[in-house]
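So the chains spell out like this:
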Amino acid sequence: MTNKQIDNSIDQTAISQEATPADKDETHANGVMMELNYAAPSHVSLSSDQQSDHTQHVALFTQLERDAVSFHGKLKDPLIFRDSLLALFDVVSSDYRYVPKDRAAYTVFMQMRRASRHKNLFSAQRDYFTWLFDNDPLAFCLLDPIIQVHQAGVSFEVFSRDEGCYAQLTLQHDLFETVSTPVLGTTSIDYSSALFDGIEQIRDHQITTLDIGQEAIRLERSNVSEPKDNSETEMDSAVNEDSKQEVIEKRINVPKSWIRALLQVQSAGQLAQERIDLDPIALYNVLFELRMHADIKGKRRGLLIELIPQQLPVMILEPFDITVTSQVSRQQTPYQGQKAKLIRLWGRRRLSLLKRLLPHTDTVSVSLLGQGMPSYWTLTGKGFHFTFAMTGFSQANWSQSLNFDLLLPKRPQQNTPNSDNDDLVSLVQALVEQPSRIDALRERLSTPENNLTASHVRQQLLSGAQQGLIRYDMANQSYYYRPLTQTPLDMAQFAHHNEAEKQAFDIVSREDGIQNLNVQTVVGQGVSISADIHVKEDRRTYQSQLQLGDEGLVSRAACSCPQYLQHRLSQGVCAHLIALRLSYHQYDHTQTNSWHDMRTLSKRVPKPQQKASKNNSASTKHASQSPTNEVLDLSALAQGLPSSDTQAKPVAYNHSAHTISYVHVTCDHKKVLIEHSIDDDSTRQQFVFNQPAQAHAAFLQHIARFEAQGFIENKGV
């Protein structure tokens, strides 16, 4: 039995068990069954005939049920191909969810260790993998990438196991020497650990060829048998040849939440966003500092991006207050916005998945959707561009995930052609013929009788992306027709996360669903929301309360419903708390809450110097004249800038000279409270006025005064 056959048996044991008819209904209830039939597992081979030429052959075998897709070419730069595909594997296999300690698993491990004490290594490994397949069959299950061969090259799309990372890789035609004319289309490829090990062995001195297609590999199994009889007929030989072909079938129960999150992250890239440019060395400095500083329990773990008009972006790592700036280069431009902003991102540890591509990257661009929202990091190099999206969401952060849902338009409930979506059908047909940008699409679809607007075309493109029909390439801002599955998805299954969210939207849509909504701003704590949630079916009214922090995160939740009283939040969030959060999103802050508001502003300031004694004045003076203890970045010397460029600053980051000063300005009816904090020191001021209007006017004046001093408003979501 060859190594290839052993890999196939492991894959089939892990994820390819046959399901009975009774199990199929339960499987479809928990997720979407995707049957992926491959001609053979994808692999990297170096045959005996090719060893003299040092030729690596990368074979990616596609699905048999989908339309034929083929691509054959020789790579000009194998290292870019190797590192980009390895980065894809890092993303698709990443899982940053918190895993608590399981003492039961450790106990079973110790029992297995004692039982395997007198066994050899092979027997111990066999017992371990047998136990792993029986107890955790999805441990080695990876959702296969989506591959598309189009006019510009070959694109790969992957989504992580924890539904927190999305990556899109495009290898352009300039990276290949094509052997034959490619067959355009969309399919899936078998992405296994064996393929990862083979790609990892690609070297620069070898000739590497890439083959994408449905050609089956013949696996011959023959025993020591008698010589063949000359009377064997041609039909018998044909039967024997057909029996040598093996088709690998994988049946994966894909969760609905996985497909829903994938469609959302893809479509959210089309929304309005702030776009900034960075140097690759700046991203490297961020990864270096994250590697050298471990997270502190109970402290902030965000990545602050400070945007000031006509200045270079500054990244701040919390809670260390480490600032990272980019060098002035010809490829980089300052921030072109009209107002200063401070945006906080979550999930910064996921950026380490980009470390393989940094040596090949020329430019880095970041697209920001807002405070705590997903961010898109696009790395561009010679012959490729890699778009990485990180959401920063977790299972406990349901409120932030709900904010992301509210950014997108309402998801379509059906995807069958009718009179309402004729524009979408014509739009998809135009993308099938030629991928293009939104301006070119508007010109192609507009007629003298019907002149389409860019907003209408963008709305149709967003609807098509939510249905899994259209892919948006952020690097070149083009749209491609890319069906996610062979058969259209049932969009009614992806309208909401769960039944509780569906019930919450139904409660908010009713006239008497939300009663006595009260919103209060508490300095230092955030926003307190409370309301009476009336449920007609239960004939009861529940009291729900939420406490939102500065970034829109839920810090405290309470409800009088039986689910919360019995299970708290361990069994998920009840529909009443979700309805309360939705009602706060629709709350009019400008008219009904004009006398009660709070703003948080921040600014980077030098750290206060400790007072030196008179005896140490001479030594202090001598220390001030010595060179600073700053970390220098020598990448500016490699930028090729003229020596007369005075804007080139060699200092990349300094984690000891600056700290962040926060100012909380609160307007509470006739009172204005100002709290100023730097590190552990804080001061408070309170002003009392005769009328609420006077207090609110002074509240706005204080905010304008702090903004004139360089403070930036840190808006929550």
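Residues numbered from 1 in each chain as written. Predicted model: local features only at pLDDT ≥ 70, side-chain atom pairs only at ≥ 80, totals over all residues. Heavy atoms only, no water.

## Quick look at the environment of L303
Using the following cut-off: Secondary structure counts use DSSP, requiring at least four H or I residues in a row for a helix and at least two E residues in a row for a strand, with both numbered from the N terminus. Type-normalised accessible area, obtained with a 1.4 Å probe on protein chains alone, sets the label of each residue: buried when under 20%, exposed when over 50%, and partly exposed for intermediate values. We call two residues in contact whenever any of their non-hydrogen atoms come within 4.5 Å of each other.
Inspection of the secondary structure assignment puts L303 in strand β13 (residues 303-307). The class for L303 is buried, based on a relative accessible area of 0%. A sequence separation of 40 residues divides L303 from I343, and the C-alpha atoms of the two residues are 8.2 Å apart. Apart from the residues lying within four places of it in its own chain, the contact partners of L303 are M315, I316, L317, I343, R344, L345, R348, L351 and W377.

## So, the sheet that holds strand β30 (residues 671-678)
Cut-off, in case you're wondering: Here, any two strands with at least 2 DSSP bridges between them count as paired. Axes here mean lines fitted to C-alpha atoms, for a helix over just the part in contact, with angles spanning 0 to 180 degrees between N-to-C directions.
Here we have five strands laid out as an open sheet, ordered β31-β30-β29-β26-β32, and antiparallel in their pairing. The open sheet has two free edges, formed respectively by β31 (681-688) and β32 (712-713), since each of these has just one partner strand. Its contacts with the sheet place helix α19 (residues 692-708) against β26 (596-606), β29 (658-668), β30, β31 and β32, and it is angled at close to 165° to β29.

## Description of the sheet that holds strand β17 (residues 361-368)
Strand order across the open sheet formed by eight strands is β9-β5-β6-β7-β19-β18-β17-β12, with antiparallel pairing between neighbours. Each having just a single partner strand, β9 (185-188) and β12 (274-278) make up the two edges of the open sheet. Here the average twist between neighbouring strands, direction ignored, is 15°. One ladder, built from seven bridges, connects β17 with strand β18 (residues 375-381); its direction is antiparallel. If you follow S365 over to β18, its bridge partner there is T378.

## Re empty space enclosed by the protein
Note the threshold: Put simply, the grid is 1 Å and covers the protein atoms alone, a cavity is a trapped set of points that fit a 1.4 Å probe, a pocket is an open set with protein on both sides within 12 Å along at least five of seven lines, and lining residues have an atom within 4 Å of a point. Grid points are joined across faces, edges and corners, and a volume is the space filled by probe spheres set on the points. Under the scheme applied, nonpolar residues are Ala, Val, Leu, Ile, Met, Phe, Trp, Tyr, Cys and Pro; charged residues are Asp, Glu, Lys and Arg; polar residues are all the others, including Gly.
According to the stated counting rule, one finds four cavities of 30 Å³ or more in the structure shown. When its volume is computed, the largest cavity comes out at roughly 80 Å³. Considering the residues around the largest cavity, the lining is formed by E157, Y166, Q168, V265, Q266, G269, Y376, T387, R471, Y472 and M474. Contributing elements (two or more residues each) for the lining of the largest cavity: β7 (165-172), α8 (256-268) and β20 (470-473). Its residues assigned to classes, the lining of the largest cavity comprises five nonpolar, four polar and two charged.

## Details of the pairing of β13
The element β13 is largely enclosed, with a buried count of five among its five residues. Residues of β13 alternate between two faces, with L303, I305 and L307 on one and L304 and E306 on the opposite face, all of them buried. Pairing analysis gives four bridges linking β13 to strand β14 (residues 314-317), with the strands arranged antiparallel. Across the sheet, residue L304 finds its bridge partner in β14, namely I316. Hairpin connection between β13 and β14: a loop of six residues separates the two successive antiparallel strands, and Q310 in this loop has a positive phi of roughly 60°. Note that β13 and strand β16 (residues 341-345) share five bridges and pair antiparallel. In the sheet register, L304 faces β16, and the bridge partner there is R344.

## Examining the pattern of salt bridges
A side chain of one charge can pair with a side chain of the opposite charge when the charged atoms of the two come close. Rule in force here: Any carboxyl oxygen of Asp or Glu that lies within 4 Å of a side-chain nitrogen of Lys or Arg is treated as forming a salt bridge with it.
Under the counting rule described, the total for this entry stands at 16 salt bridges. In this structure, the salt-bridge partner of D473 is R471, at a minimum N-O distance of 4.0 Å. Ionic contacts of the salt-bridge type, sharing partners, join the residues D295, R348 and R349 into one network.

## So, the nonpolar core
We apply this condition: The set of buried Ala, Val, Leu, Ile, Met, Phe, Trp, Tyr and Cys residues whose side-chain atoms join them within 4.5 Å is what this entry labels a nonpolar core.
Ranked by internal contacts, the top residues of the largest apolar core, which has 66 residues, are L88, F156, M315, L351, W377, F386 and F388. For this core, the leading source of residues is helix α3 (residues 78-92), giving nine residues. Once residues within four sequence positions are removed from consideration, F386 is found in contact with S84, A87, L88, A167, Q168, L169, L354, L357, W377, T378 and L379. Counting residues in hydrophobic clusters, the runner-up holds 37 residues, among them L263, A389, L431 and L484.

By themselves these figures say nothing about function.
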